[in-house]
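Overview (structure and organization)
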Amino acid sequence: MAKSFAYETYPYRRSSDQDASTPVHHPVVVVGGGLVGLAFAVDMALHGVPVVVVDDNNQVSTGSRSICVAKRSLEIFDRLGIGDRCVEKGITWNKGKVLRGDHLLYAFDLQPEPGHKRPAFINLQQYYVESYLVDRFNELGVGEARWLNKVTSVAQHDDHVALTIETPDGPYDITCDWLIAADGVKSAVRHALDLPFVGETFNDHFLITDVVMQSDMPTERRFWFDPSFHGGGSALLHKQPDSVWRIDLQLGPDADREEEMKEENILPRLHAMLGQDAKFTIDWGSLYTFQCRRLEKFRHDRVLFVGDAAHTVSPFGARGGNGGIQDIDNLAWKLVAVLNGSAPDSLVESYDAERIPAADENIMNSTRATDFMAPKNATMALFREAVLDLAEHHPFARAFVNSGRLSVPDIYENSPLSTACDADASDGLPPGSPAMDAPITVEGRDTWLLDHFGGHFCLLDMNQDGAAHEDPGMHVFKIGRDFQDTHGMAEQRYGSGIYLMRPDQHVAARFASFDADAIRTAQRHALGGT
Amino acid sequence: MAGLKTTPNLNRTDDVYQALIDAQEVLSPADAERFRARLILLLANQVGDDEAVQEAIASAAEGLENADGS
C-alpha cells in the first residue's frame with residue numbers, strides 16, 4: 001500500500017442475491033474492480049446498463065503502478081466524466097533527459113502539438129484514477145460494485161455464464177449474459193477457463209520503487225543507460241503528484257526476490273542514485289519480471305477479456321493501462337448495442353478484430369523497448385552501444401534510442417465495421433481513426449470538438465455549404481452552423497466531407513457529400529450488420 | 001519505390017574501399033565490430049529511404065545460412 005495515499009476502504013455489503021433460492025441473473029458481470037474494470041462499468045452506466053462489478057479486494061490499487069496516462073485515455077476519461085479530476089491532480093510534463101553512465105547524452109522537449117484539449121500525457125498514480133472511477137460509478141448510481149466478492153468458479157453455458165462467488169458471509173451463485181474479465185495479468189477467469197496466455201517472458205528483474213522526497217529537481221523524465229550509481233543496468237526517474245518519485249532499476253536476471261525487496265537492500269541503491277544525504281521515504285515498491293503475452297482471442301463465447309487479463313506488456317511505453325482503457329472504449333458501446341437489440345451478437349466479434357491488432361502493436365513496441373534496455377544477445381548489445389555512441393553528437397541516432405515508445409491510439413485500419421471512404425483521401429482522417437480534437441467555438445463560447453461527440457453515433461459535417469439535409473436519425477454537428485472553426489484546426493485535421501463517428505469517437509465512414517441512404521448503410525455496417 | 005541502387009554510384013570507389021579497410025585494420029576485433037555497427041547506422045540514415053535500407057539488409061543476408069543451419 002502506498003503510504004502517501006489516504007486509502008478509503010469500500011464496504012462489503014451483503015447482496016440480496018446471497019439470499020436468493022436460485023441464482024439471480026444479471027445482464028453483465030465484471031470481474032475485477034481495477035482501472036479497466038471500473039472504467040468499463042462507468043461507460044456501461046453512462047449508457048444506462050447496470051453492471052455488477054465483483055472484486056476480491058476492497059481498496060484501490062496498492063501501488064502507483066500505471067502512472068502515465070496518455071492523451072487518448074484522457075479523452076476517454078473526459079467522456080466518462082473524470083478527465084478534469086485527472087488533469088487537475090496529474091503532472092503534465094514534456095521534458096526529459098537521456099544519460100549514459102553519468103554523462104548527459106541529450107535532452108528532449110516533447111512540445112505538445114497545439115490545439116488539443118488534453119496534453120500528450122500526464123503522470124498520475126493508478127490509485128487516484130481508480131478512486132475517481134469509483135466515485136463516478138457511485139455518482140451515476142447505475143449498477144453496483146461488490147467488494148470482497150471473489151470469483152471461485154466460472155462455467156460457460158449456451159445462453160449464460162454461471163459464477164460462484166466467495167464472500168465474508170460464504171459463497172453464492174449468480175448467472176449473467178456476458179462476463180467481462182478485467183481481473184488483471186493473473187486473471188482467475190482466464191485460469192478457470194484454462195486458456196493459454198502465449199508470448200515471451202523477459203529474464204531481467206526490475207525494482208520499481210516510489211519514494212516521497214521534497215526535491216527541486218525539475219519535472220522531467222530521466223533515463224540512464226548504465227549509470228555509475230547502478231552498475232550494469234538502466235535507471236528511470238519520473239515525478240508523480242504528492243512529491244512522489246517513481247524509480248525503476250534494472251537488476252538483471254539473477255536478482256533474489258526476497259533479498260532485493262528488503263528495505264535494507266533497497267535503501268543503499270536509492271541513496272547511490274539520489275545522493276547519500278537525500279531525505280526520502282519509501283512509499284511503495286515491487287519487483288517485476290516483464291512479460292509480453294496475450295490470449296489467442298479476447299472473446300470466448302460469453303466471456304470477454306479486457307486489459308491485462310487479455311494481454312500484458314512491459315511498462316516501458318505506458319501501454320498497459322492505456323491499452324486497457326482503449327479496450328473498454330471499444331467494447332462498451334458494442335455490448336450496449338447488442339444488449340438493447342440494435343445490433344447482432346456478431347458486433348462483439350469486432351472487438352477481437354479491432355483490439356487484437358492493437359494488442360499486437362503494443363506487444364511489438366514493448367518488446368522492442370525491453371530488448372533495447374536489456375539486450376538479449378551480442379548483436380542487440382552491439383547495436384545498442386553503437387546507437388548510444390552516436391546519439392550524443394548525431395541527432396538522428398536519438399531516434400533509435402528506445403526507452404519506451406509512448407502509447408498512441410490505434411487506428412483500426414482493417415476494421416470490419418468501417419466503410420470505404422468516397423471523400424478526398426489525401427487529407428482528413430481515414431475510417432478506423434480515432435477522432436482528433438480541435439479548438440472550436442459554439443454560440444460564441446470556446447470549447448473543444450471532442451466534447452461534442454462520443455457515446456452515440458453522430459455526424460460531423462465538415463462541408464461549408466450551409467445545406468439543409470434530411471434528418472439522418474442522429475446528432476449532426478455541422479461546421480459554420482453548429483460550431484465555428486475559429487482557429488482553422490478542425491478543417492486542417494478533418495478536411496471536408498461528412499464523417500460518421502462511432503460512439504467510441506472512431507471514424508466509421510467518410511462521405512464527400514450528404515447521402516442519407518449511404519449514411520444509414522454505413523451505420524448498419526458499423527453495428528455489425530451486412 | 002526508389003529501391004536499392006546496385007550499379008556503381010561512387011566516384012572514387014577504390015579510395016572508399018581503402019578507407020573502410022584502413023579504419024578497421026588498426027582496431028581490435030571488438031572495436032572493429034563496434035565501428036561497423038556505427039557505420040551501418042550512419043549510412044542507413046544517410047540513405048534516407050526505409051525501403052532501400054530494408055532491401056540492402058535483405059541483399060546483404062543473401063547466400064548466408066542461419067547459424068542453426070536452417
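Sequence order sets the numbering: in each chain, residues are counted from 1 along the sequence as written. Following the order in which they are written, the chains are lettered starting with A and the ligands numbered starting with 1. Reporting in this predicted model follows two pLDDT cut-offs: at least 70 for local features of residues, and 80 or more for side-chain atom pairs to be given and counted; totals over whole chains, interfaces and linings ignore these cut-offs and use all residues. The basis for the side-chain values is all heavy atoms of the structure; hydrogens and waters are excluded.

**Re the overall build of chain B**
In this description a helix means any DSSP run of H or I spanning at least four residues, a strand means any run of E spanning at least two, and both kinds are numbered starting from the N terminus. Counting secondary structure elements, chain B contains three helices and zero strands. Element order for chain B, N to C, with α for helix and β for strand: α-α-α. Our radius of gyration is a C-alpha quantity, and the globule rule it is checked against amounts to 2.2 Å times the number of residues to the power 0.38. The C-alpha atoms of chain B give a radius of gyration of 14 Å, which is well past the 11 Å a tight globule of 70 residues would have. Expressed along its principal axes, the backbone C-alpha trace of chain B runs to roughly 40 × 40 × 20 Å. Burial analysis of chain B (70 residues in total) assigns 9% to the buried set. Total accessible area computed for chain B in this model is approximately 5,900 Å², and 53% of it derives from carbon and sulfur atoms. His is not counted, nor are the chain ends, whereas Lys and Arg count as positive and Asp and Glu as negative. Where a charge sits is defined by one atom per residue type, namely NZ (Lys), CZ (Arg), CG (Asp) or CD (Glu). One finds the centroid of the 5 positive side-chain charges in chain B at a distance of 10 Å from the centroid of its 13 negative side-chain charges. Relative accessibility under 20% of the residue-type maximum defines a buried residue, over 50% an exposed one, and the middle range a partly exposed one, all with a 1.4 Å probe and only protein chains included. To be clear on the numbers: accessible area is Shrake-Rupley with a 1.4 Å probe, and residue cover counts the displayed protein chains and nothing else.

**Remarks on the sheet that holds strand β4 (residues 91–92) of chain A**
Residue and element names in this part refer to chain A. Whether two strands pair comes down to DSSP finding at least two bridges between them. As summarised here, the arrangement of the three strands in space is β3-β7-β4, forming an open sheet in which the pairing is antiparallel. Looking at the sheet topology across the chains shown, the edges are occupied by β3 (68–70) and β4. Alignment of β4 against strand β7 (residues 121–123), held across two bridges, turns out to be antiparallel. When the sheet's bridge partners are listed, isoleucine 91 is paired in β7 with asparagine 123.

**Considerations on the nonpolar core**
All names here are of chain A. By size, the foremost hydrophobic cluster in this structure holds 97 residues, and its most contacted members are Phe40, Phe77 and Leu179. Throughout, the edges of the domains are those of an automatic or database domain assignment. Composition of this core by domain shows at least three residues from each of domain 1 (16–198 + 292–365) and domain 3 (439–526). Throughout, nonpolar core names a set of buried Ala, Val, Leu, Ile, Met, Phe, Trp, Tyr and Cys residues whose side chains join them through atoms within 4.5 Å. Counting residues in each nonpolar core, the second largest holds 27 residues, with Tyr106, Phe206, Met373 and Ala386 among its members.

**As for unusual backbone geometry**
One non-glycine residue with positive phi stands out, namely aspartate 301 of chain A, at about 55°. Here aspartate 301 of chain A falls in the exposed class, since its relative accessible area comes to 54%.

**Section: the pattern of salt bridges**
Residue and element names in this part refer to chain A. Salt bridge, as used here: a side-chain nitrogen of Lys or Arg that lies within 4 Å of a carboxyl oxygen of Asp or Glu. According to the stated counting rule, one finds 42 salt bridges over all chains in the structure shown. Of the charged contacts in the structure, one is a salt bridge between lysine 71 and glutamate 75, with a shortest N-O distance of 2.9 Å. Placement of the pair is lysine 71 and glutamate 75 together in helix α2 (residues 71–80), with a separation of four residues, close to one helical turn. When its relative accessible area of 5% is taken as the criterion, glutamate 75 is described as buried. Here glutamate 349 makes a salt bridge to arginine 299, at a shortest N to O gap of 2.8 Å.

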